[in-house]
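Residues per chain are reported as follows:
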Amino acid sequence: MVFVAILLPPGLLCLVLALGRYEEWLLGAPAHPPRHARARRHLSLVPRARTAPTPAAERATEPARRAADAA
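Here the structure is a predicted model, which is why all the values come from computation and not from measurement.

Colleague: Would you mind going over the overall build of the protein chain with me for this structure?
Modeller: A count of helical and extended segments in the protein chain gives 2 helices and 0 strands. A total accessible area of about 7,600 Å² is found for the protein chain, and carbon and sulfur atoms account for 66% of it.

Below is the structure:
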């Protein structure tokens, strides 16, 4: 009984630690990532808002619109 009470808990602790190391080794990252995987992903929870053209941009394209209408 003394054997079980004294040696069993440290033995089980060592077993759990060894299995944890084995699991980390087994599930580690592959040496070569898949070919389609990019190094950087562009994922976002909030999509970018499309901005309306500014009044200055509209004024810059206005002469081109007039020339196109005249032709």
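What follows continues from the structure just given.
Colleague: Sorry, what's going on with helix α1 (residues 2–26) here?
Modeller: An α-helical turn contains 3.6 residues, so any two residues separated by three or four positions project in the same direction. For α1, which comprises 25 residues, the first-to-last C-alpha distance of 36 Å matches the rise-based estimate of 36 Å (1.5 Å per residue) to within 8%. Of all the bends in α1, the greatest reaches close to 35 degrees and is centred on L8; the proline P9 follows between one and four positions later.

Colleague: Which parts of the structure should I look at to understand the packing of aromatic side chains?
Modeller: Summed over the entire model, instances satisfying the criterion amount to 1 aromatic pair. Each ring, one from Y22 and one from W25, has its centre 5.9 Å from the other, and the planes form 35 degrees; the classification is tilted. Residue Y22 and its partner W25 are both found in helix α1; the two are separated by 3 residues, about one turn of the helix.

Colleague: I would appreciate a short explanation of a nonpolar patch on the surface in the present structure.
Modeller: A cluster of nonpolar side chains, namely V2, F3, V4, I6, L7, L8, L12, L15 and L19, defines an oily patch on the protein surface of about 890 Å² accessible area. Within the secondary structure, L8 is located in helix α1.

Scoring rules and cut-offs
Residues numbered from 1 in each chain as written. Predicted model: local features only at pLDDT ≥ 70, side-chain atom pairs only at ≥ 80, totals over all residues. Heavy atoms only, no water. Helix = DSSP H or I, 4+ residues; strand = E, 2+ residues; numbered from the N terminus. Areas by Shrake-Rupley, 256 points an atom, 1.4 Å probe, with all protein chains shown as cover. Expected span 1.5 Å × (residues − 1). Bend = angle between axes of the 7 residues up to and from the residue. Phe/Tyr/Trp six-rings, centres within 6.5 Å; stacked < 30°, edge-to-face > 60°. Patch = residues over 30% accessible without salt bridge, like charges linked within 9 Å, V, L, I, M, F, W, Y side chains within 5 Å. Salt bridge = Lys/Arg side-chain N within 4 Å of Asp/Glu carboxyl O.

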